[in-house]
Amino acid sequence: MTTATLSTPTTTNRRGGFIVGTILLIVLTLLVAELDKWIGSQFKANGFARNPLEYPLTAVIIGLIANFVLRTIGQYQFVRPAIRTEFYLKIGLILLGARISLGDLLKLGVGGLLQALIMVVSVFFFTWWLGGRLKLPETLKAIMASAVSICGVSAAIAAAGSVQAKKEEVTYITALVILIALPLMVLMPVIADALQLSPTVAGAWFGGNIDTTAAVVGAGTIYAEQAQSVATVVKSAQNVLIGFVAFALAMYFASVVNREAEKPSPALIWQRFPKFVLGFALVSILVTVGAFTPASVSAMNNAMQWLFTLAFISIGLDFSIAEVRKAGWRPLAVYIGATVFNTVLALLVAYVIFGVLFPPAA
């Protein structure tokens, strides 16, 4: 009787916290949407075709502010049951497949796919090597290598699911990705102009180097319309490799890093494989074969943005400064080093492939 009496208030309190926390998340999501719309209008008024300050950055900041307020008033643990970062992220990633059609990749032919393969493989293993030299944890090293080499936050999330990384590690990499991508978005068009790069080469450089899709589009928009198109497709080519990298990481961590006493089995690999990657691939294939109407694809893209907004607010709410302090200077040094390597290599590869081997038709 005593046990039942004690458990009921706890269950009720948890349910109440979930309800209140969910309402709070909805309110914060609507706030982020309005802020994103306002920020976008300010950039548009100043000649930008698209808001370069991605909504994930706004959402994380709002989440961090809410995190601070809730901890200050002592209500953080009460609403914590509603903070379900991974759930929102995984559903959003499945819907992300609606943005990537194999037909889009074929527009740039062999060149775009060749650049994607060269950049992802080279940058991933360089970042992995550099992270090893500076003794980063295996999980953080995997997340960072995926983020820098493929497509920033989305790749980091997929890698985190494969290697069972800490949420704090994803939060740290998310902040680095966004904060470093924004200055690159502004500086790279200036450098491309100084180097007198063609719009095709410049776009391929932007798409192969900048880690977030919106910042890629922003850089292309600043430079030229053709650069915007090429940059978007090159980035899409890299996005396709998310699933392959996630699967490879799941196998590596199951068989090498976290190996059990017995030999890893296919069942163990399957257990650690991020199932949402299969959903991502399925949606992408269905979009490619025309299984969805344009209206349906548009609706999936809108739903993806709402889910990602919920996820990034939750990341901010989940943030613990104590965990970030434990990371020290090494992760930042690795990320900057990998970004410099990525920038130089992407310029060289873009010039060789789109300036020499597959130049655009006159």
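Details of the structure are given in the entry above.
Presented here is a report on the structure given in the accompanying data block. Keep in mind that what you see is a predicted model, and the values were worked out from it rather than measured.

Two numbers describe a pair of aromatic rings. These are the distance of the centres and the angle of the planes. For the structure on display, the rule yields 9 aromatic pairs. Note on Phe-87 and Tyr-88: the rings are 5.8 Å apart at their centroids and 70 degrees apart in plane angle, and the pair reads as edge-to-face. The buried category is assigned to Tyr-88, whose relative accessible area is 12%. Measuring from ring centre to ring centre gives 6.0 Å for Phe-206 and Tyr-223, while their planes differ by 85 degrees; the resulting arrangement is edge-to-face. Here Phe-206 is found in helix α10 (residues 199–209), whereas its partner Tyr-223 is found in helix α11 (residues 213–223), with 17 residues between them in sequence. One aromatic cluster is present, built from ring pairs that chain together Phe-124, Phe-125, Trp-128, Tyr-252 and Phe-253. Geometry around Tyr-76 places Arg-71 over its ring, the cationic atom sitting 3.9 Å from the centre.

What follows deals with the environment of Glu-168. Its location among the elements puts Glu-168 in helix α9 (residues 167–194). Placed 148 residues apart in sequence, Glu-168 and Gly-316 show a C-alpha to C-alpha distance of 9.9 Å.

The end-to-end C-alpha distance of helix α7 (residues 138–151) is 20 Å, a good match for the 20 Å that 14 residues give at a rise of 1.5 Å each. The buried fraction of α7 is high, at 13 of 14 residues.

Glancing now at the pattern of salt bridges. The final tally for this structure, using the stated rule, is 2 salt bridges. Note that Glu-138 and Lys-141 form a salt bridge whose closest N and O atoms lie 3.0 Å from each other. Of this pair, Glu-138 and Lys-141 both sit in helix α7, separated by 3 residues, roughly a single helical turn. Judged by relative accessible area, Lys-141 falls into the buried class, the value being 7%.

According to the stated counting rule, one finds 3 cavities of 30 Å³ or more in the structure shown. Computed from the structure, the largest cavity encloses a volume of approximately 40 Å³. Looking at the largest cavity, the residues that line it are Val-148, Val-177, Ile-180, Ala-181, Leu-184, Asn-209, Ile-210, Asp-211, Tyr-335, Thr-339 and Asn-342. Elements represented by at least two residues in the lining of the largest cavity include exactly α9 and α18 (330–357). By residue number, the principal contributor to the lining of the largest cavity is α9, which donates 4 residues. By residue class, the composition of the lining of the largest cavity is 7 nonpolar, 3 polar and 1 charged.

Thresholds applied
Residues numbered from 1 in each chain as written. Predicted model: local features only at pLDDT ≥ 70, side-chain atom pairs only at ≥ 80, totals over all residues. Heavy atoms only, no water. Phe/Tyr/Trp six-rings, centres within 6.5 Å; stacked < 30°, edge-to-face > 60°. Buried < 20%, exposed > 50% of the residue type's maximum accessible area, 1.4 Å probe, protein only. Helix = DSSP H or I, 4+ residues; strand = E, 2+ residues; numbered from the N terminus. Lys NZ or Arg CZ within 6 Å of the ring centre and 35° of its normal. Expected span 1.5 Å × (residues − 1). Salt bridge = Lys/Arg side-chain N within 4 Å of Asp/Glu carboxyl O. 1 Å grid on protein atoms, 1.4 Å probe; cavity = no way out; pocket = protein on both sides within 12 Å on 5 of 7 lines; lining within 4 Å. Points joined across faces, edges and corners; volume = space filled by probe spheres on them. Nonpolar A, V, L, I, M, F, W, Y, C, P; charged D, E, K, R; others polar.

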